Every structure is written in structure tokens, then in C-alpha cells.
Amino acid sequence: MFNTDTISRFKQLETPFYYYDLNLLKQTLQACTSAAAQYNFHVHYAMKANFNPKVLEMIQSFGIGADCVSGGEVKAATDHGFAHDKVVFAGVGKSDKEINEALDRDIFCFNVESVQELQIINDLAKAKNRTASVAIRINPNVDAHTHHFITTGLEENKFGVNTWELPAVAEALAKCPNLQFIGIHFHIGSQITDLSVYKNLCIRVNELQQWFEDHNLAVKVLNLGGGLGVDYYHPDEKPVCDFESYFKVFHDFLDIKPGQEVHFELGRALVAQSAALISRVLYVKNGLKKNFLILDAGMTELIRPMLYQAYHQIENLSRPVNGQQPVVSEEKGSLLTTHQSLLHYDVVGPICESTDCFRKDVELPESFRGDLIAVRTAGAYGEVMVSGYNLRDRVQSVYSE
Ligand code: LLP
């Protein structure tokens, strides 16, 4: 991701910033779309993962649809060139204003998460003399085996309708002439690395689609959501996900009926590896028991480590190890070699919160004020979760081209 030229360029720039490797993003999108095309699967990009305009422009240029969870995302998707008839709108709490805006933009489908929401969309569509296409998001009670904060498909989660509510869904659909039922939707969680989880999901989806067919509700679309995980521990080893194996699971285990469309909503797998958060060491505090590297980026720029105890690889770009090119140190002006000593640091941000720590006990070359630090795999749920806390300057974006 970084060569000597890139690092020299970073030295001229103010930190912190998100660095986007647009070439890697393109390779990832190519791999995903060609793997999906083998089975005629439809891919939507989960906008919530990253709505940086340049990222959106590149993603839509691959003909991918958009999966949105707010009126703002629906607007951003259509404004950035995603086709309106490839936009889906999910979310447990769609407001009337958001539903109306999505109706006006003539989106492909609402992924509906409760019986009450069906009635509301029907009423709002009726007032506009329109018909809204809906898919029912079902909570399949399948364990995603991921961090409990990003698990969504268990009965204890707020998402989707539970299976015992399906008779009420069928009843409501029969009473809603301004709704067109088109299919069923699932999303069981995020950062899923064990593909057998998706096999279990397929088995459950096969049973559930039969229920709809038995109740004279034709399932034209099966939407399996997203969730494919990435390797946060080895960002350079396999920067592009194994989309081939991912889609093959659905091809092998999903009971796809003739004419049925299969849709996916991938976020993280498309964008995570393509960006890093680049910051500088402001201060080094050497304690008796601990050393701290205090960066000019913190939880306001990347909150995942603090919110989910998420692991992100941390690298000192000014002092590369493992045979990478040695770089002249800004602070000391010395040429560092691979013989440099490694120390342990708690890598923290500048925010007035003890939780503002990227990771404790990170092994790094001895580091100094001014060193450039990269926090890797920050392209998904990074820039989008930036907050205004402490009224800090808004983090910038820098692109590889
Ligand atoms: N579809 C639905 C309905 C979703 O709720 C999500 C993500 C996706 C698709 C995309 O999932 P992905 O392919 O990106 O795993 N902020 C957390 C992740 C929250 C995910 C929310 N839903 C994090 O930083 O890990």
C-alpha cells in the first residue's frame, strides 16, 4: 500500500488524514463483480461502510447497486450516480420523511423490518398514488459467530421480523394494496470470516422461502445481506477478499428457483483494505511501566478500536521493519536500519477520554515525535464514523491518484 514515494508524499502533508489506495479499491471491485457475475448474482454496496465521494464514484462505475439505511444515504447514492432502480432501503427506524424521499426517488425496494412499517409505507405510497416494492427482512436466528456488537441475526437483536410474526406479515400484505411484495431479506452480522455461517444461513433461507411460496407470496428476490469479513491482522497478505469462495457457498447451498434474483449487500469487504488512517506522533511519554505514543488522531477519527475493541494493524511508516526501505527520520535525521530496537507502546489519541486508545502494548520500532503512523484496514466504518467530539478539525482525505 505504501512505497517510498507515497511516504515521502505523506511527509509534506498535514495529518491526520485517510489515505485511499484507489488502485486497490478498483482491484477489489473487479474481483467482486467478476465472481458475482459467474452466478448472475446482484451486488449492492452497503453505503454505510464508506460514503467518501471518490469511493462512491468508483463503486457505482462498476454498475453495483446501493444498500442504504437512511434518507441521506438514498440521496447520496442517487446523487453519486447509483441507478435509482438498484437502490434498496433498510433500517428499523425509517422516518416518514425518509420513506417519502425514497418513494420520490423511485427506489428498487424497501427492506421492511416490522409489520407496523408495512402499514406506514403503504399509507405513504397511497398518498402519492404509488406502489412501493417491499422485501421482508427476516431475523433468521442464525449465529454469525462474530463480535456480539455487530451480530444482527439473533432473536435478541432488534432487526427484522421474527419467524413467528410471518403470519401477521402475510395478513398485512394482503391488506396493503399499495405494496408489492418482491422478496425476503436477511443480514445476520458483520465481519464474518467463517463461511460455514453462510451455509447455515442458506439452509434457513431455503426453509423460509418455502413458507412464503406456500402462502402464495412469490419470492422474486432473495437478498442475503452482507457481512463478509476481512483480514485485519494481515492487511498486505490478502488485501482482496476471496469473493469466489464466498459466492460459491450461496451457489452451492441456496435453493435458487428459476427466474429468482439473488442479491447481496457488501460493505466492509469492498472498502476496508483500501484505506489507512495516517497520523503523526505528537509526543512520546516514557513511563516506569508503560510507554505511550500520543498521536494526532484518536477516537474522533477512527472509533472502531474504542467501540468494539477492534484490532487494526499499526505501523510506523517512518521506521519500517522487516527489510522495508529505511527512511530518514524527521526528528533525528538518522538513517534507520532493520537493527533498530523494538519497544512496546500504548498507542493513544489526544482526546480527553481514557478509552481513546488504539491498542495497548503495540510492538514498534523506537518511535519519535513527528513519525508517521499508519492505522491499517480503515476503509470501512472509519471515515463515516468520524465525530465532532472535542470540536477537532475534520479529518482530511488523500488519494493515491
Ligand atoms: N446490510 C445491512 C442490512 C447491514 O446492516 C449491514 C451492516 C450491511 C449490509 C453491510 O455489512 P458489511 O458487509 O459491511 O459487514 N460499524 C461496525 C459495522 C456495522 C455494520 C452494520 N451493518 C464496524 O465498524 O465493524
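Residues numbered from 1 in each chain as written. Predicted model: local features only at pLDDT ≥ 70, side-chain atom pairs only at ≥ 80, totals over all residues. Heavy atoms only, no water.

1. Things to note about the pattern of salt bridges
- If you walk through the whole model with that rule in mind, you get 18 salt bridges.
- With a closest N to O distance of 3.5 Å, D79 and R105 form a salt bridge. You can see D79 sitting in helix α4 (residues 71–79) and its partner R105 sitting in the loop between α5 (96–104) and β5 (109–112), a full 26 residues away along the chain.
- For D79, a relative accessible area of 47% translates into the label partly exposed.
- Linking R394 and E383 is a salt bridge whose minimum nitrogen-to-oxygen distance equals 3.3 Å. Linking R394 in the loop between β16 (372–375) and β17 (396–399) with E383 in the loop between β16 and β17, this pair joins segments that are 11 residues apart in sequence.
- With a relative accessible area of 9%, E383 lands in the buried category. (Salt bridge = Lys/Arg side-chain N within 4 Å of Asp/Glu carboxyl O. Helix = DSSP H or I, 4+ residues; strand = E, 2+ residues; numbered from the N terminus. Buried < 20%, exposed > 50% of the residue type's maximum accessible area, 1.4 Å probe, protein only.)

2. Things to note about the nonpolar core
- If you look at the biggest cluster of nonpolar residues, it comprises 108 residues, and the most contacted ones within it are Y45, F110, F243 and F247.
- Ranked by residue count, the leading element in this core is helix α8 (residues 196–214), at seven residues.
- Each of two domains, domain 1 (4–16 + 273–399) and domain 2 (22–271), supplies a minimum of three residues to this core.
- Sequence-distant contacts of F110, that is, excluding residues within four places in its chain, are made with F89, K94, I99, A102, L103, I121, A132, S133, V134 and A135.
- Counting 11 residues, the second-largest nonpolar core is a separate cluster that includes F2, F17, A276 and L317. (Core = buried A, V, L, I, M, F, W, Y, C linked by side-chain atoms within 4.5 Å. Domains from an automatic or database assignment. Contact = heavy atoms within 4.5 Å.)

3. Description of the pairing of strand β14 (residues 342–348)
- Pairing between strand β12 (residues 291–295) and β14: three bridges, direction parallel. For L293, the partnering residue across the bridge sits in β14 and is V347.
- With six bridges connecting them, β14 and strand β15 (residues 357–365) associate as antiparallel partners. Along β15, the bridge assignment pairs L343 with L364. (Pairing = 2+ DSSP bridges.)

4. Description of the domain arrangement of the protein chain
- According to the domain assignment, the protein chain contains domain 1 (4–16 + 273–399) and domain 2 (22–271).
- Computed over C-alpha atoms, the centres of domain 1 and domain 2 are 35 Å apart.
- Between domain 1 and domain 2, the residue contacts involve 21 residues of the former and 23 residues of the latter.
- Interface of domain 1 and domain 2: buried area, both sides summed, is about 2,100 Å²; carbon and sulfur atoms make up 54% of it.
- Summed over the three residues of domain 1 that lose the most area to domain 2, namely Q273, Y381 and Y399, the buried surface amounts to 32% of that side. (Buried area = accessible area lost by both parts, 1.4 Å probe.)

5. A word on the packing of α8 against helix α9 (residues 243–253)
- Contact geometry for α8 and α9: axes closest at 9 Å, N-to-C directions at 35°. Every pair of crossing elements has a handedness; the one defined by α8 and α9 is right-handed. Residues Y198, K199, C202 and N206 of α8 touch α9, and the partners they reach there are Y246, V249, F250 and F253.
- Here the contact of α8 with α9 is built from residues that sort into six nonpolar, one polar and one charged. (Axes fitted to C-alpha atoms, helices over the stretch in contact; angles between N-to-C directions. Left-handed = near helix turned anticlockwise from the far one by under 90°. Nonpolar A, V, L, I, M, F, W, Y, C, P; charged D, E, K, R; others polar.)

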